Amino acid sequence: MGNWRLDKKQIKKYPHFDPLISAEDAEALAMDPERVARHAFYPFMRYTERWTRFAKKGDKGETKKRPIRYAARRDAYIFARYRHLLAERYNVELARLGLDDCVLAYRRIIKPGEVGGKCNIDFARDAFLKIRELGNCCVVALDISSFFEHLDHDRLKALWCRLLGTERLPDDHFRVFNAITRYSYVEKEKVYERLGHLGTKGTTSSGKPIRGYLTPFKAIPKQLCRGSEFRDKIAGGKGGKSLIEVNFKPYGIPQGAPISDLLANLYLLDFDQAIRALVVAIGGAYYRYSDDILIIIPGNAATGMTWLADMQAKIREHGRKLEIKAEKSAVFVYSGDGDEQTFTRVHGTQGANGLEYLGFRYDGRRAFLRDSTLSGLRRKVAFAARRDANFCASQHPAKGVADLKAAFNYERLIKRFGKVEDFAEKRDDFRNWTFWTYARRAAEIFGPLGQPISGQLKRHAALVRKRCDLELEKAIERRARRAVEA
């Protein structure tokens, strides 16, 4: 268990409260139990991740929010080290309990007879093939609401002790446990504003204030402030209002910390074991990917609805705050066998065109990329095209739309989201993947089942060009408005 090492590429350089630290010093800190037991953890930095869910043309997509908290550098290295220690024991326990192929998220699951590990594509394919194997069956898709925020601390502590084989946590482990449960955090924007990096940049022609970064991001110091300034400006040491919030609730861990994913998996160890045993006993399959649960069992609509109600009751046995909401769940019935299954959605609003799982959709005959997966790609393309178009317009202030289009580097953007050179040699290294290569890999893994996936990508380059043209036209309009307001 002493083989944990930090690669230089893992050194964190984002702005936070502590100074930069070398890989060697980070290892020396995180691997010394006495230093960890005395370590003073900084507050997490919190921001809210927002995105709009896929909606049909003409409909307004639901805006989703997820609070993300990230730790100071030294804290993150300690969390990573203790995640490594627990993960080794957790994986051994999963294998012992027969759960190795059921708990899918945040783990490396080796493909039988191969060097590489499984990914979402493999997990989705396994599920769809199980449905085809059973023929007449029902599928129950469940989502645990606000999973990370509702983990009971006492239960988590007991599981942590069980994994270590101790009645109480050693001092270093207890320090880490305390930092991840009774954690503190500060809002990122409030910190940047108090330190003078964020504020009012000017006003519009109507007198409305324009907020934004007063310091270019690259110029923001990696250590946001020294100890005395932290105490005075962030912790309210000179009588000002402290920005630090503390989680005094007996439940909840911060999503985004290096150890949080492992603890979330560990938390449901008993639940996974109990539900898998019930499912396997009737010839079905159980999969859990973090807070998404998929149960595939022989049966009809009544069977599926009974399992939905049972799961809602059983999840509460593992934490009084855990909840599976009926409105976020779906039940499907698949009929037939071979290549010609039909499906009926008997409950829920998700999956009007078939079961949606881990970015893919199965309609009873073939597998597709989810509509929301393609929507996510187009959203990323739009963001990148808008940024590049604004930059192009600022670099050529005298040029009109036609000249900007002639000067714009379409190919760079298409290549970023499109094909990768030498994909055949690089395809097993996900770091070299783009969306196009991910989809190509999916088509290969799914085989004949995923035949439609290639067709979903046919107009990818044309769509990127079209979006770039639209953003260039908008950039010209914005430039003209700014000139009028000035």
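Residues numbered from 1 in each chain as written. Predicted model: local features only at pLDDT ≥ 70, side-chain atom pairs only at ≥ 80, totals over all residues. Heavy atoms only, no water.

1. A few points about the sheet that holds strand β11 (residues 342-347)
Going by this rule: Two strands pair if DSSP finds at least two bridges between them. Secondary structure elements are defined from DSSP: runs of H or I of at least 4 residues count as helices, runs of E of at least 2 residues count as strands, and each element is numbered from the N terminus. Axis lines are fitted to C-alpha atoms, over the contacting stretch for helices. Their N-to-C directions set the angle, which ranges from 0 to 180 degrees.
The five strands lie next to each other as β8-β9-β3-β10-β11, forming an open sheet whose pairing is antiparallel. With partners counted over all chains shown, the strands left at the sheet margins are β8 (285-289) and β11, one partner each. Each adjacent strand pair in this sheet contributes to an overall mean axis angle of 15 degrees, direction not counted. Taken together, the seven bridges between strand β3 (residues 137-143) and strand β9 (residues 292-298) define a ladder with antiparallel strand orientation.

2. Quick word on helix α3 (residues 73-96)
For clarity, the cut-off: For a helix, the expected span equals 1.5 Å multiplied by the residue count minus one.
Over its 24 residues, α3 runs 35 Å from end to end, which matches the ideal 34 Å to within 8%, given 1.5 Å per residue. The positive-phi residue at the C-terminal boundary of α3 is Gly98, with phi of around 75 degrees.

3. Structural notes on helix α9 (residues 260-267)
For an α-helix, 3.6 residues make a turn, and residues three or four places apart therefore share a direction. Formally: Burial classification: accessible surface area is computed with a 1.4 Å probe over protein chains only, and a residue below 20% of its type maximum counts as buried, one above 50% as exposed, and the rest as partly exposed. Any two residues having at least one pair of non-hydrogen atoms within 4.5 Å are treated as being in contact.
Extensive coverage of α9 is indicated by the burial of eight of its eight residues. Looking at the buried positions of α9, the neighbouring elements they touch are α3, α5 (153-164), α6 (171-181), α10 (269-281) and β8.

4. Observations concerning the packing of α10 against helix α11 (residues 301-316)
What counts here: Any angle that falls under 35 degrees is termed roughly parallel, while one over 145 is termed roughly antiparallel, one within 65 to 115 roughly perpendicular, and all others oblique. If you view the pair so one helix is near and one far, a crossing is left-handed when the near helix is turned anticlockwise from the far one by less than a right angle, and right-handed when it is turned clockwise. The classification used treats Ala, Val, Leu, Ile, Met, Phe, Trp, Tyr, Cys and Pro as nonpolar, Asp, Glu, Lys and Arg as charged, and all other residues, Gly among them, as polar.
Relative orientation of the contacting elements α10 and α11 amounts to 155 degrees, with a least axis distance of 11 Å. In terms of axis orientation, α10 runs roughly antiparallel to α11. Viewed along their axes, α10 and α11 form a crossing whose handedness is right-handed. Where α10 abuts α11, its residues Phe271, Ile275, Leu278 and Val279 lie against Trp307, Met311, Lys314 and Ile315. A breakdown of the residues in the contact of α10 with α11 according to their chemical character gives seven nonpolar, no polar and one charged.

5. A few points about the state of the cysteines
Disulfide: a covalent bond formed between the sulfur atoms of two cysteine residues. We count it as follows: A pair of sulfur atoms, both from cysteines and within 2.5 Å, is called a disulfide here.
With the rule as written, the count across this model stands at zero disulfides. With no disulfide of its own, Cys102 lies closest to Cys137 among cysteine sulfurs, the gap being 17 Å. A residue is classified by how much of its surface remains accessible, and Cys102, at 8% relative accessible area, is buried. Distance from the sulfur of Cys468, which forms no disulfide, to the nearest cysteine sulfur (Cys392) is 10 Å.

6. What about the confidence of the model for the chain?
Spelled out, the test is: Confidence scores here are pLDDT values: one per residue, from the predictor, ranging 0 to 100.
When the pLDDT values of the chain are averaged, the result is 88; 92% of them are 70 or greater. Predicted confidence for residues 420-432 stays below pLDDT 50, and this span has 19 contacts to residues more than four positions away or in other chains.

7. Side note on the packing of helix α4 (residues 120-134) against helix α16 (residues 435-446)
Where α4 contacts α16, the two axes come as close as 10 Å, and the packing angle between them is 35 degrees. Crossing geometry of α4 relative to α16 is assigned as right-handed. Of the residues in α16, those touching α4 at Asn120, Ile121, Asp122, Ala124, Arg125 and Phe128 are Tyr438, Arg441, Ala442, Ile445 and Phe446.

8. Some words on the sheet that holds strand β14 (residues 367-369)
Pairing is antiparallel across the open sheet formed by three strands, whose spatial order is β12-β13-β14. Two strands in the sheet have a free side with no partner beyond their single neighbour: β12 (355-357) and β14. In this sheet, neighbouring strand axes are inclined to one another by 30 degrees on average, regardless of whether the strands run parallel or antiparallel. Summarising the sheet, strand β13 (residues 360-362) and β14 pair through three bridges and their orientation is antiparallel. The partner of Phe360 across the bridge, within β14, is Leu369.

9. A look at the pattern of salt bridges
Selection rule: By convention in these notes, a salt bridge is any Lys or Arg side-chain nitrogen within 4 Å of a carboxyl oxygen on Asp or Glu.
Inspection of the entire model under this criterion finds 23 salt bridges. Among the ionic pairs, Asp18 bridges to Arg73, the shortest N-O distance being 3.6 Å. Of this pair, Asp18 sits in the segment before α1 (23-30) while Arg73 sits in helix α3, and the two are 55 residues apart along the sequence. Note on accessibility: Asp18 and Arg73 belong to one class, buried. Taking the shortest distance from any N to any O, the salt bridge between Arg46 and Glu187 comes out at 2.5 Å. Here Arg46, found in strand β1 (residues 44-52), pairs with Glu187, found in strand β4 (residues 184-187); they are 141 residues apart in sequence, far enough to count as distant. Within the structure, one salt-bridge network assembled from shared partners comprises Asp18, Arg73 and Arg74.

10. Observations regarding the nonpolar core
Selection rule: By nonpolar core we mean a set of buried residues, namely Ala, Val, Leu, Ile, Met, Phe, Trp, Tyr and Cys, connected to one another through side-chain atoms within 4.5 Å.
Among the nonpolar cores identified, the biggest contains 70 residues, and Trp160, Ile180, Ile259, Leu263 and Ile295 are the most heavily contacted of them. Once residues within four sequence positions are removed from consideration, Leu263 is found in contact with Leu86, Leu156, Trp160, Ile180 and Ile253. Of all hydrophobic cores here, the second largest spans 55 residues; its members include Ala393, Leu413, Val464 and Leu472.

11. Some thoughts on the environment of Gln223
Using the following cut-off: Pairs of N or O atoms are called polar contacts if they sit within 3.5 Å, as long as, within protein, a hydrogen donor faces a hydrogen acceptor (for residues adjacent in sequence, only side-chain-to-side-chain pairs).
Looking at where Gln223 falls in the secondary structure, it is placed in the loop between β6 (209-213) and α8 (227-234). With residues up to four places along the chain from it excluded, the contact list for Gln223 reads His16, Phe17, Asp18, Pro19 and Arg73. Looking at Gln223, its side chain comes within polar contact range of the side chain of Arg226, at 3.1 Å.

12. Describing the pairing of strand β10 (residues 330-335)
Most of β10 sits out of view: five of its six residues are buried. Sheet topology places β3 next to β10; five bridges connect them, and they run antiparallel. Looking at β10, one finds that Val140 is bridged to Val331. Alignment of β10 against β11, held across five bridges, turns out to be antiparallel. When the sheet's bridge partners are listed, Val333 is paired in β11 with Thr344.

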